[in-house]
Amino acid sequence: MRMIDRRSAILGTLAVGLSRSVEAQTPPPAQTGGRVPKLPDPTETIDLWPAGAPGAPTNLPVEVVEDRATGAGMTDRAVHGIARPRMVVFRPAKPNGSAILVMPGGGYVRIVVDREGYEIARWLADRGWTVFVLFYRLPGDGWAAGPDVALADAQRAMRLIRARAGSYGIKPDRVAAMGFSAGGHVCGDLATRFAQQTYTWIDAADRGSARPDVAALMYAVQSMTLPLAHPGSRTLLLGPSPTPALERAHSTASNVTSATPPCFLVHAEDDKSVAVDNTLAFRAAAIKAGVEVETHLFATGGHGFGLSRAVGKPAASWPMLFQEWSRAQGLG
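Parameters at a glance
- Residues numbered from 1 in each chain as written.
- Predicted model: local features only at pLDDT ≥ 70, side-chain atom pairs only at ≥ 80, totals over all residues.
- Heavy atoms only, no water.
- Helix = DSSP H or I, 4+ residues; strand = E, 2+ residues; numbered from the N terminus.
- Buried < 20%, exposed > 50% of the residue type's maximum accessible area, 1.4 Å probe, protein only.
- Contact = heavy atoms within 4.5 Å.
- Salt bridge = Lys/Arg side-chain N within 4 Å of Asp/Glu carboxyl O.
- Pairing = 2+ DSSP bridges.
- Axes fitted to C-alpha atoms, helices over the stretch in contact; angles between N-to-C directions.
- Parallel < 35°, antiparallel > 145°, perpendicular 65-115°, else oblique.
- Left-handed = near helix turned anticlockwise from the far one by under 90°.
- Nonpolar A, V, L, I, M, F, W, Y, C, P; charged D, E, K, R; others polar.
- Core = buried A, V, L, I, M, F, W, Y, C linked by side-chain atoms within 4.5 Å.
- Disulfide = S-S within 2.5 Å.

Student: Sorry if this is basic, but what is going on with the overall build of the protein here?
Tutor: Each helix and strand counted, the protein has nine helices and 11 strands in total. When each of the 332 residues of the protein is scored for burial, the buried share is 54%. Intrachain contacts of the protein at a sequence separation of at least 6 include 78% that bridge at least 24 residues.

Here it is as structure tokens:
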């Protein structure tokens, strides 16, 4: 009887330990108000920094979720004040061996949860991708890394995905990155500056590569030089009066090299927020560097169409175009 009791006690202790391990992960951005998403939110998350994000300001930002939906049955949330950067995981029913890190946009003032995060994550997971939606720190919140703070989170995220590839049924050489708008700038930064050390390594995962195997830049903020730059993103990233050298250092086209992974670019020519010339400049730099680049320009679509706002427009074809292109690259 004593042996059984001891075994029960050991199992109980293990269960508590596992429970605490799961609970230690910061949950996804909280639901707001009474609006319930049409589809259930994911619950699995991965904190990027076990001991807290480096270079924290004296007063940590407070995470706030905004409900921006304008119609019944819609879900359109955004979050700001990220103090615990993390990935929200979408596991597919039938993994295809490929993973993708999704970086939603939001002008570096917020992060769009649904339209540029969860919607495309569900679409990709339905097709076998293991998807990690990144809630990255925002540069205007006073972090010591300044304009490199979101890139540091993206680098760390890529390394954690590869370090845990076995537990997710993915292959470490089949990890893509996708970013929208300002998240497209984070993605472009990751694709071009993946090897730049933006933080002090903390564990074995950091010995892995942060280079995505392919990168998809969706109506992305690219340039930090006026008049091409998106003014709001530029100010939040670099401050009100950046030097020309600082602008160049954070303009993705200026950092393209032959080591930049193959890139998939999408933009609408009638985009009034982020000029299509951002994508054209990146494309020209990729071609000059000998980087494989696939470019899709749509006459209409505006800015921020993501998945749901492209329905009924030619731009709605972009996810399938990405799927076919990624397969040709050996992913998906």
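Once the structure has been displayed, the description carries forward.
Student: Looking at this structure, I do not really get helix H2 (residues 114-125). What am I missing?
Tutor: Each turn of an α-helix holds 3.6 residues, which means side chains three or four residues apart point in the same direction. Taken across its 12 residues, H2 has 12 buried, putting it largely inside the fold. Listed as buried for H2 are Asp114, Arg115, Glu116, Gly117, Tyr118, Glu119, Ile120, Ala121, Arg122, Trp123, Leu124 and Ala125.

Student: So what exactly am I meant to see when it comes to the pattern of salt bridges here?
Tutor: It is possible for side chains of opposite charge to pair when their charged atoms get near one another. All chains considered together, the criterion is met by 17 salt bridges. Asp47 is the partner of Arg84 in a salt bridge, and the nearest nitrogen-oxygen pair spans 3.3 Å. Placement of the pair is Arg84 in the loop between strand S3 (77-80) and strand S4 (86-90) and Asp47 in strand S1 (residues 45-47), with a sequence separation of 37 residues. Accessibility expressed as a relative area gives 8% for Asp47, which makes it buried. With a closest N to O distance of 2.7 Å, Asp114 and Arg77 form a salt bridge. Placement of the pair is Asp114 in helix H2 and Arg77 in strand S3, with a sequence separation of 37 residues.

Student: Would you explain the sheet that holds strand S7 (residues 130-135) in this entry?
Tutor: Whether parallel or antiparallel, the strands of a sheet pair through hydrogen bonds between backbone atoms. Sheet architecture is open: eight strands sit in the order S1-S4-S7-S5-S8-S9-S10-S11, paired in mixed fashion. At either end of the open sheet lies a strand with only one pairing partner, and these are S1 and strand S11 (293-298). Strand after strand, the sheet turns through a mean of 20 degrees between neighbouring axes, direction not considered. By the bridge criterion, four bridges tie strand S9 (residues 214-218) to strand S10 (residues 263-268) in an arrangement that is parallel. For Ala216, the partnering residue across the bridge sits in S10 and is Phe264. The strands that H2 touches are S4, strand S5 (99-103), S7 and strand S8 (175-180); relative to S7, the one it contacts most, it runs at about 170 degrees.

Student: Help me understand the packing of helix H3 (residues 149-163) against helix H5 (residues 182-193) in this model?
Tutor: Relative placement of two packed helices is described by the angle separating their axes and the distance separating the axes. One way to put it is that H3 packs onto H5 with a least axis distance of 9 Å and a crossing angle of 65 degrees. Judged by the inter-axis angle, H3 sits roughly perpendicular to H5. Relative to H5, H3 is oriented so that their crossing is right-handed. Counting all contacts with H3, which are made through Ala150, Leu151, Ala154, Gln155 and Met158, the residues of H5 involved are Val186, Asp189, Leu190 and Arg193. Split into classes, the residues belonging to the contact of H3 with H5 amount to six nonpolar, one polar and two charged.

Student: Where do I start with the nonpolar core in this structure?
Tutor: Note that soluble globular proteins tend to have their nonpolar side chains buried in a common cluster. Met87, Leu101, Met103, Val131, Phe132, Trp318 and Phe322 are the most contacted members of the largest nonpolar core, which totals 91 residues. Apart from residues no more than four positions distant in its own chain, Leu101 is found in contact with Met87, Phe132, Leu134, Ala154, Ala157, Met158, Ile161, Ala176, Ala177, Met178 and Leu190.

Student: Before we go on, may I ask you to explain the state of the cysteines in this structure?
Tutor: Where two cysteines share a covalent bond between their sulfur atoms, that bond is called a disulfide. Inspection of the entire model under this criterion finds zero disulfides. Here Cys187 stays unpaired: no disulfide links it, and the sulfur of Cys263, its closest cysteine neighbor, is 7.4 Å away. According to the relative accessible area criterion, Cys187 is buried, its value standing at 0%.

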